[in-house]
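Understanding the architecture of this molecule
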Amino acid sequence: MEITGKIIAALPEQGGTSRSGNPWKKREYVLETLENYPRKVCFNLFGDRADQFPLNVGEVVTVSFDLESREYNGRWYTDVRAWKVDKGAPAAAPMGGQYQQPAYQQPAPGFGGAAVPPAAPVPPQMPQGYGDPFGAQPAAPTANEGDDLPF
């Protein structure tokens, strides 16, 4: 699975020694997606990957991860374990309905310095030979035209 977003928090590295005597470490990060309704996802890099992919707050990354759940004392715990991190925003179209922010043009000189959103696309024109469905309609008959309806 993959998710793209901006790193908003880098939590301290954790480490220790396993029951079998092997040292371990993990580093957790919080990513905020780039959608209309952003979601926050905490993921971790375990073992050598914690050093292999150093991340900083503010970077836009695409994280490849696996979900893993385990039971401990009758409760279930889920990890979002990253196995690859690509830095930088993808150049292709966003995946899975992700929100893409509009590109803003530089302001014209002398207009107060406010950014201007791009112009709206022009709607397609009606092909020639087709009438406007909401345009001129035949006029309603008047009372003098011999309408024999009582109302």
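Read on for an overview of the structure. What you are looking at is a predicted structure, and each value in this text was computed from that prediction instead of being measured.

A closer look at the overall build of the protein chain
- Along the protein chain, the regular secondary structure elements total one helix and six strands.
- Listing every helix and strand of the protein chain by position from the N terminus yields β-β-β-β-α-β-β.
- As displayed, the protein chain offers around 11900 Å² of accessible surface, 55% of which is attributable to carbon and sulfur atoms.

Re the side chain of threonine 33
- Within the fold, threonine 33 resides in strand β3 (residues 23-33).
- In this structure the side chain of threonine 33 is engaged in a polar contact, spanning 2.8 Å, whose partner is the backbone nitrogen of arginine 39.

Remarks on the pairing of strand β6 (residues 75-87)
- Pairing geometry for strand β5 (residues 60-72) and β6, over 12 bridges, is antiparallel. Following the sheet pairing, serine 64 is matched in β6 by lysine 84.

A short note on the pattern of salt bridges
- The final tally for this structure, using the stated rule, is seven salt bridges.
- Notably, a salt bridge pairs aspartate 79 with arginine 70, separated by 3.2 Å at the nearest N-O pair.
- Take aspartate 79: its relative accessible area is 12%, and that puts it in the buried class.
- By relative accessible area, which is 40% here, arginine 70 ends up partly exposed.
- It is possible to trace a salt-bridge network through shared partners that takes in Arg70, Asp79 and Arg81.

Side note on unusual backbone geometry
- Despite not being glycine, asparagine 73 has its phi angle at roughly 55°, a positive value.
- Mapped onto the secondary structure, asparagine 73 falls in the loop between β5 and β6.

So, the packing of aromatic side chains
- Under the definition given, this model contains two aromatic pairs.
- Ring centres 6.1 Å apart and planes at 10° place the aromatic pair tryptophan 24 and phenylalanine 46 in the stacked group. You can see tryptophan 24 sitting in strand β3 and its partner phenylalanine 46 sitting in strand β4 (residues 40-46), a full 22 residues away along the chain.
- Take tryptophan 24: its relative accessible area is 30%, and that puts it in the partly exposed class.
- Across from the ring centre of phenylalanine 46, 4.5 Å away, lies the NZ or CZ of arginine 81, which sits over that ring.

Description of the pairing of β3
- Of the strand pairs in this sheet, strand β1 (residues 2-10) and β3 are connected by five bridges, and their pairing is antiparallel. Bridging across to β3, lysine 6 finds its partner in glutamate 32.
- Where strand β2 (residues 14-17) lies against β3, four bridges are found, and the strand directions are antiparallel. Following the sheet pairing, threonine 17 is matched in β3 by proline 23.
- Counting the residues in the hairpin turn of β2 and β3 gives five residues, including glycine 21, whose phi is positive at 95°.
- In this sheet, β4 lies alongside β3 in antiparallel orientation, the contact comprising seven bridges. What sits directly across from lysine 26, in β4, is phenylalanine 46.

Definitions and limits used
Residues numbered from 1 in each chain as written. Predicted model: local features only at pLDDT ≥ 70, side-chain atom pairs only at ≥ 80, totals over all residues. Heavy atoms only, no water. Helix = DSSP H or I, 4+ residues; strand = E, 2+ residues; numbered from the N terminus. Areas by Shrake-Rupley, 256 points an atom, 1.4 Å probe, with all protein chains shown as cover. Polar contact = N/O pair within 3.5 Å; in protein donor to acceptor, adjacent residues only side chain to side chain. Pairing = 2+ DSSP bridges. Salt bridge = Lys/Arg side-chain N within 4 Å of Asp/Glu carboxyl O. Buried < 20%, exposed > 50% of the residue type's maximum accessible area, 1.4 Å probe, protein only. Phe/Tyr/Trp six-rings, centres within 6.5 Å; stacked < 30°, edge-to-face > 60°. Lys NZ or Arg CZ within 6 Å of the ring centre and 35° of its normal.

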